[in-house]
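Below are the chains, spelled out letter by letter.
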Amino acid sequence: MDPTAEIEQGLSAFGEDFRAQFAAAESELTLRSARAELLGKKGRLTQLLKLMGRVPADQRKRLGEAVNASKLEVEACFQARLDELSRAAREADLKATPFDLSLPGRAPARGHLHPLTQVREQVLDTFEGLGFEVASGPQVELEENNFTKLAFPPDHPATDMQDTFWVKVAGAESARTLLRTHTSNVQVREMSQRQPPMAVVSGGAVFRRDDDVTHSPMFHQIEGFWVGEGVSFSHLKGVLTAFLERMYGAGVAVRFRPSYFPFVEPGAEVDVACDFCTETTCASCRVCKGTRWLEILGCGMIHPEVLEHCGIDSERYTGFAFGLGVERVAMRRYGIPDIRLLFENDPRFLAQF
Ligand code: DAH
């Protein structure tokens, strides 16, 4: 078609349509897209302008003015409607229910310590109250401090690949390194550094190749020991009973059972009476599993060989040591059936403590 005719037809074709379209637009977004249909890159008016190059010179001025006039009209009409819309929005805002600044704010939910941290701090605080000082030890440890100096025989099953995570340390091939399997390494480190009397507690993560409802490859223990002149099994019983009474209430029944750990002699395990059941409901108690007793800790008189390995005169000094599992205490205290709940950090679980 002849470009002059095309432009003339095009101009009259969109005529006054845009006015109705703009008036119907109820939001800035629809208004802007209606405008883009005319003035955008592919808009109808833009297309007509592109034809100008092919219009004969004598027609160009007249047509150019006509297209420009249409463009100005569209712009003016667009701006008027845009102003109308923003005025309406502002009025609606003013008429809306006012925002009440005096309403109380939404307080952020208050967090709390993880149940394992609560138990650990309570145990450490209790021993501090009994005169123990708090120490710490590394999680990556030498075999020597975790096993050898604690009188584990070299072929003890705990050192097995099954139980212990061994660690390769670049440039230290000769010393065997592992993730500590218990907090008893703190005994070795503290006793090797100074001479008695000393009473120390320490808590932290330990690692074993174990994974089921009651075992996790990473869990927490608390270790304690007291070495001095004349420290006896009576002291062990007295201190641990005092500790358990502070944890579980005065008069709680406590039982010492003979047991074996390589680094103590004699060794014992300590149970407290289950407080989740009574004589009559005991058979079905899931916490003590019908035994009426909860196993809480391992303990014993530090083996003279261990004292000697740490440079302490075993003729002059004696001592006792104990270790307890933090997860165990927490699980029994709160009746938690699966250890993994303690590490998944599901807020629905944690909010219960
Ligand atoms: N280290 C032992 C374990 O992980 C717990 C233990 C038992 C620690 C007796 C002690 C102790 O200090 O005397 O099973």
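Caption draft 1: Fine view of the sheet that holds strand β5 (residues 198-207). Overall, mixed pairing links the seven strands, which are arranged β1-β5-β6-β10-β9-β8-β7 in an open sheet. With one partner strand each, in any of the chains shown, β1 (133-134) and β7 (254-259) form the two edges of the open sheet. Two strands pair when backbone bridges link them, and β7 and strand β8 (residues 264-273) are joined in this way by six bridges, in the antiparallel orientation. Paired with Ser 259 across the two strands is Gly 267, which belongs to β8. The strands that helix α9 (residues 233-248) touches are β6 (218-228), β7, β8, β9 (293-302) and β10 (318-325); relative to β9, the one it contacts most, it runs at about 150°.

Caption draft 2: Just the site of the ligand, in detail. In the vicinity of the ligand, 15 residues are found, and the nearest of them are His 182, Ser 184, Arg 208, Gln 221 and Glu 223. One nitrogen or oxygen atom from the side chain of His 182 is found 3.0 Å from a nitrogen atom belonging to the ligand. Take Phe 322: an N or O atom from its main chain is 3.3 Å from an oxygen atom of the ligand. Relative to its free-state accessible area of 360 Å², the ligand is covered by the protein chains to the extent of 89%. When residues of the shell around the ligand are traced back to their parent elements, those giving at least two are β6, β9 and β10.

Caption draft 3: Fine view of the sheet that holds strand β4 (residues 177-179). Spatially, three strands are ordered β2-β4-β3 in an open sheet, and the strand pairing comes out antiparallel. On the outer flanks of this sheet lie β2 (140-142) and β3 (166-167), each paired with one strand and no other. Both β2 and β4 contribute to a ladder of three bridges, which runs antiparallel. The residue of β4 that forms the bridge with Val 140 is Leu 179.

Caption draft 4: Representation of the packing of aromatic side chains. Tallied over the entire structure, the rule returns 13 aromatic pairs. Ring centres of Phe 320 and Phe 322 lie 6.4 Å apart, and the angle between their planes is 35°; this geometry places the pair in the tilted category. Accessibility classification places Phe 320 together with Phe 322 in one group, the buried group. Over the ring of Phe 78 we find Arg 35, and its NZ or CZ is 4.8 Å from the ring centre. Lying across the ring of Trp 166, Arg 176 places its NZ or CZ 4.3 Å from the centre.

Caption draft 5: Summary view of the domain arrangement of the protein chain. You can read the domains of the protein chain as domain 1 (3-95) and domain 2 (115-350). Relative to domain 2, the C-alpha centre of domain 1 lies at a distance of 83 Å.

Caption draft 6: Examining the state of the cysteines more closely. Within the structure shown, the criterion is met by zero disulfides. The thiol of Cys 282 is not disulfide-bonded; the next cysteine sulfur, from Cys 277, is found 4.0 Å away. For Cys 282, a relative accessible area of 6% translates into the label buried.

Caption draft 7: Highlighting the nonpolar core. With 44 residues, the main nonpolar core has Phe 127, Leu 297 and Phe 322 as its most contacted residues. Those elements giving two or more residues to this core turn out to be α6 (115-129), β5, α9, β8, β9, β10, α11 (326-334) and α13 (347-350). Counting residues per element, this core draws most heavily on α9, which supplies seven residues. Formed by 23 residues, the second largest nonpolar core is a distinct cluster that contains Ala 135, Phe 147, Ala 151 and Leu 307.

Caption draft 8: Main features of unusual backbone geometry. Looking along the chain, the bond that leaves Pro 196 and enters Pro 197 is cis, with omega of 5°. Summarising the element assignment, Pro 197 is placed in the loop between α8 (185-193) and β5. In the segment running from Glu 265 into Pro 266, the intervening peptide bond is cis, with an omega of -5°. Relative to the elements of secondary structure, Pro 266 occurs in strand β8. Notably, Lys 289 is not glycine yet its phi reads approximately 55°, a positive angle. By the secondary structure assignment, Lys 289 is in the loop between β8 and β9. Backbone geometry at Asn 345 places phi at a positive 60°, although glycine is not the residue there. Among the structural elements, Asn 345 can be located in the loop between α12 (341-344) and α13.

Rules and cut-offs
- Residues numbered from 1 in each chain as written.
- Predicted model: local features only at pLDDT ≥ 70, side-chain atom pairs only at ≥ 80, totals over all residues.
- Heavy atoms only, no water.
- Pairing = 2+ DSSP bridges.
- Helix = DSSP H or I, 4+ residues; strand = E, 2+ residues; numbered from the N terminus.
- Contact = heavy atoms within 4.5 Å.
- Axes fitted to C-alpha atoms, helices over the stretch in contact; angles between N-to-C directions.
- Near = heavy atom within 4 Å.
- Polar contact = N/O pair within 3.5 Å; in protein donor to acceptor, adjacent residues only side chain to side chain.
- Areas by Shrake-Rupley, 256 points an atom, 1.4 Å probe, with all protein chains shown as cover.
- Phe/Tyr/Trp six-rings, centres within 6.5 Å; stacked < 30°, edge-to-face > 60°.
- Buried < 20%, exposed > 50% of the residue type's maximum accessible area, 1.4 Å probe, protein only.
- Lys NZ or Arg CZ within 6 Å of the ring centre and 35° of its normal.
- Domains from an automatic or database assignment.
- Disulfide = S-S within 2.5 Å.
- Core = buried A, V, L, I, M, F, W, Y, C linked by side-chain atoms within 4.5 Å.

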